[in-house]
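Architecture and fold: a report
Here are the chains, one letter per residue:
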Amino acid sequence: MTKRVKSFIDTEQLSNSDVEQLFSQAKKIKANFSETGQFVAPSQLNPVVALLFFEASTRTRFSFDIASRRIGGQTVLFDLGAKAGTSVAKGESLEDTFWTVHAMRPDVIVVRSGESLDMKALATKTQVPLLNAGFGTHSHPTQALLDMFTMLESYPSLESKNILFVGDVLHSRVAHSHMRLLPRFGANVGVAGPKEFQQGLPEATPTFSNLKDALAWADVCVCLRVQFERHEEAQSFSQQDFIDAFQVRKEHQPYFKPGALLFHPGPVNWGIEMSEDVKDMPQFCMWQQKENGVYVRAALLQWILSQNGRQV
Ligand code: CP
């Protein structure tokens, strides 16, 4: 008999109360780590976590790897750079690679992929919990969760908070995941950037063509990487026009609301969506986002294991 397995593909699967419980666990882990250097209750299960990264990644890959080890697990890794050492170099498909690793029965499989691998279809068949670590331009739920966790370290609630995404919203799986998650917690999502990056936005999304007006609206400004690798050749995009109109620099500090935050999911094209001098701004939270990624992903690994009846 095939067992039913719970995977994690997008945040719609989590109720608001699940999200709150996840954050409460991540907060406990963070506090405990800061006091003792240990994560809360390392798993007795010693989970084996397979990391299948079919697209490039530093932040997500390392933070899942570190989170897995910190909760007492071990990792096995397929990364883009290791392709030459796997049978993908002999023409094996990514889907066959997934099922090959799946057959070896790790406890969790974490997958980063483009649209060529149908992660949603895999999730209906897998016998090992599958965790989405970034899926094409569609979703990056763990980034959305860690960003929201980081926002909640500064704001007690996101009710009526204005979250601004600046730049390449069209190609951003991070922004797309946020647009589904943040409004559930009462936040308003707005965007600023060139018109060609504003296709397919949810109805009534506040849009800004002037960066200063946008910053004056925002409680959190999330700059997004311009994803040159996803641009169609025909796409009309002027890098210089973008820099002139939408690059965030330290000189914009006076336009930020008191207490406002500046985020970037990374990696950053320094000199394009942000200038390096923003690192000196008190609003700049990027390193806090990276750190929190480990706690939130550790909590999510524990959650997925417990959802599948494993002792954590
Ligand atoms: N933010 C993010 O997903 O970064 P990586 O691509 O380095 O994982």
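Each remark here, short or long, concerns the structure printed above.
What comes next concerns the included structure. Because the structure is a prediction, the values reported are computed rather than measured.

This brings us to the layout of surface pockets. Roughly 370 Å³ of volume is contained in the largest pocket. R112, R173, R225, G266 and P267 are, among the 20 residues lining the largest pocket, the residues nearest its centre. Sorting the residues of the lining of the largest pocket by element identifies α2 (59–70) and α6 (173–181) as the ones contributing at least two each. Among the residues making up the lining of the largest pocket, the classes are represented as five nonpolar, eight polar and seven charged. In terms of lining, the second largest pocket is formed by D18, Q21, L22, S24, Q25, K28, A299, Q302, W303 and S306. Contributions of two or more residues to the lining of the second largest pocket are made by α1 (16–36) and α9 (286–307). The biggest single contributor to the lining of the second largest pocket is α1, with six residues. Counted by class, the lining of the second largest pocket contains three nonpolar, five polar and two charged residues.

With that settled, the discussion passes to the pattern of salt bridges. A full pass over the atoms with the stated rule returns nine salt bridges. For K257, the salt bridge is made with D219, and the minimal N-O distance between the two is 3.2 Å. Here K257 is found in the loop between α8 (239–246) and β9 (261–263), whereas its partner D219 is found in the loop between α7 (211–217) and β8 (220–223), with 38 residues between them in sequence. Accessibility expressed as a relative area gives 24% for K257, which makes it partly exposed. Across the pair E251 and R249 runs a salt bridge whose closest N-O atoms are separated by 3.4 Å. Using a relative accessible area of 54% as the deciding quantity, one classes E251 as exposed. In the salt-bridge network here, residues are joined through shared partners; they are D10, E12 and R180.

Strand residues, when the strand is regular, have side chains that alternate between the two faces of the sheet. Of all five residues that make up strand β5 (residues 162–166), five are buried, and the element is covered over most of its length. On β5, burial covers both faces: N162, L164 and V166 on one face and I163 and F165 on the other are all buried. Assessed by its sense of winding, the connection that carries the chain from β5 through α6 to strand β6 (residues 188–192) is right-handed. Pairing of β5 with β8, which is carried by four bridges, proceeds in the parallel orientation.

Formed by 53 residues in total, the largest nonpolar core has its most connected members in V110, L131, L145, F165 and L182. Here this core gets 10 residues from one element, more than from any other, and that element is α9. Dropping the residues within four chain positions of it, F165 is found in contact with A175, H178, L182, V189, G190, V191, A192, V222 and L224. Residues L164, A192, A218 and A260 belong to the second largest nonpolar core, which totals 28 residues.

Pairing is parallel across the open sheet formed by four strands, whose spatial order is β2-β1-β3-β4. Two strands in the sheet have a free side with no partner beyond their single neighbour: β2 (74–78) and β4 (130–135). The sheet shows a mean angle of 15° between the axes of neighbouring strands, taken without regard to direction. When strand β1 (residues 48–53) meets strand β3 (residues 108–113), the two strands line up parallel, connected through five bridges. Directly across from L52, in β3, lies its bridge partner V111.

The next subject is the site of the ligand. The environment of the ligand is made up of A56, S57, T58, R59, T60, R112, H140, Q143, P265 and G266. At 3.1 Å from a nitrogen atom of the ligand is found a side-chain nitrogen or oxygen belonging to Q143. For the ligand, whose free accessible area comes to 250 Å², the fraction covered by protein is 92%. Put simply, the ligand lies in the largest pocket. Here the residues of the shell around the ligand sort into two nonpolar, six polar and two charged.

Rules and cut-offs
Residues numbered from 1 in each chain as written. Predicted model: local features only at pLDDT ≥ 70, side-chain atom pairs only at ≥ 80, totals over all residues. Heavy atoms only, no water. 1 Å grid on protein atoms, 1.4 Å probe; cavity = no way out; pocket = protein on both sides within 12 Å on 5 of 7 lines; lining within 4 Å. Points joined across faces, edges and corners; volume = space filled by probe spheres on them. Helix = DSSP H or I, 4+ residues; strand = E, 2+ residues; numbered from the N terminus. Nonpolar A, V, L, I, M, F, W, Y, C, P; charged D, E, K, R; others polar. Salt bridge = Lys/Arg side-chain N within 4 Å of Asp/Glu carboxyl O. Buried < 20%, exposed > 50% of the residue type's maximum accessible area, 1.4 Å probe, protein only. Right-handed = clockwise from strand over helix to strand, strands pointing away. Pairing = 2+ DSSP bridges. Core = buried A, V, L, I, M, F, W, Y, C linked by side-chain atoms within 4.5 Å. Contact = heavy atoms within 4.5 Å. Axes fitted to C-alpha atoms, helices over the stretch in contact; angles between N-to-C directions. Near = heavy atom within 4 Å. Polar contact = N/O pair within 3.5 Å; in protein donor to acceptor, adjacent residues only side chain to side chain. Areas by Shrake-Rupley, 256 points an atom, 1.4 Å probe, with all protein chains shown as cover. Sits in = over half its atoms within 2 Å of the grid points.

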